[in-house]
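Below are the chains, spelled out letter by letter.
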Amino acid sequence: MKGKGFFRTYSLYLAWLVCVIATCSSLYLSEVLHYEPCRLCWFQRIFMYPQVILLAIASYKNDRSIVPYLLPLSIIGGSISIYHYLEQQVPAFAKIAPCTVGVPCNVDYLNWFGFITIPLLALIAFVTMIGLLWVGRERQEEE
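What this report covers is the structure whose coordinates are included nearby. Since we're looking at a predicted model, the values are computed, not measured. (Residues numbered from 1 in each chain as written. Predicted model: local features only at pLDDT ≥ 70, side-chain atom pairs only at ≥ 80, totals over all residues. Heavy atoms only, no water.)

Thoughts on the packing of aromatic side chains
Each aromatic ring pair is specified by the distance between its two centres and by the angle formed by the two planes.
Here comes step 1: For the structure on display, the rule yields one aromatic pair.
Here comes step 2: With a centroid separation of 6.3 Å and 50° between ring planes, the pair formed by Y10 and Y13 is classed as tilted. (Phe/Tyr/Trp six-rings, centres within 6.5 Å; stacked < 30°, edge-to-face > 60°.)

Observations concerning a nonpolar patch on the surface
Here comes step 1: Residues F6, F7, Y10 and Y13 make up a contiguous nonpolar surface patch of about 410 Å² in total accessible area.
Here comes step 2: The topology assignment puts Y10 in the loop between α1 (2-9) and α2 (11-32). (Patch = residues over 30% accessible without salt bridge, like charges linked within 9 Å, V, L, I, M, F, W, Y side chains within 5 Å. Areas by Shrake-Rupley, 256 points an atom, 1.4 Å probe, with all protein chains shown as cover. Salt bridge = Lys/Arg side-chain N within 4 Å of Asp/Glu carboxyl O. Helix = DSSP H or I, 4+ residues; strand = E, 2+ residues; numbered from the N terminus.)

A closer look at helix α4 (residues 67-89)
Here comes step 1: Over its 23 residues, α4 runs 32 Å from end to end, which matches the ideal 33 Å to within 8%, given 1.5 Å per residue.
Here comes step 2: Along α4, the residues that are buried comprise V67, L70, L71, S74, G77, G78, I80, S81, H84, Y85, E87 and Q88. (Expected span 1.5 Å × (residues − 1). Buried < 20%, exposed > 50% of the residue type's maximum accessible area, 1.4 Å probe, protein only.)

A few points about the environment of L40
Here comes step 1: By secondary structure assignment, the location of L40 is in helix α3 (residues 39-61).
Here comes step 2: The sequence separation of L40 and I80 amounts to 40 residues, and the corresponding C-alpha distance is 7.0 Å.

Some remarks on the side chain of Q88
Here comes step 1: Topologically, Q88 is positioned in helix α4.
Here comes step 2: You can call Q88 buried: its relative accessible area is 13%.
Here comes step 3: For Q88, the side chain forms a polar contact with the side chain of T117, separated by 2.9 Å. (Polar contact = N/O pair within 3.5 Å; in protein donor to acceptor, adjacent residues only side chain to side chain.)

The structure is reproduced here in structure tokens:
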């Protein structure tokens, strides 16, 4: 398939682009709009930010051997995003492990259409990166 070949060929570049957009967006929210990140936001950043550099190097070298190392970062970061989103949307989750220092983790700085929040956007970025890395984990020999 031609579409699958495109995503397989350029998966590292596309994953890097998603990662750059997510990183720049989080920095914009905290540094320009002065939204103070909560503890779970920091953990999500810990798993997103290094991937910008790692994916840039891997894309430049077309080195797909890094994919097994990047997938766990995205999976763990996405799992934190799921928990963070549930903590914002389901009040019972906020009682499990409440954020007691700094900004509460269930605060919605951004709430579009009643369900699109910052953790959901982070989850979308992580899931997109997981999909792209999975598709592009090995380049198919076309000829």
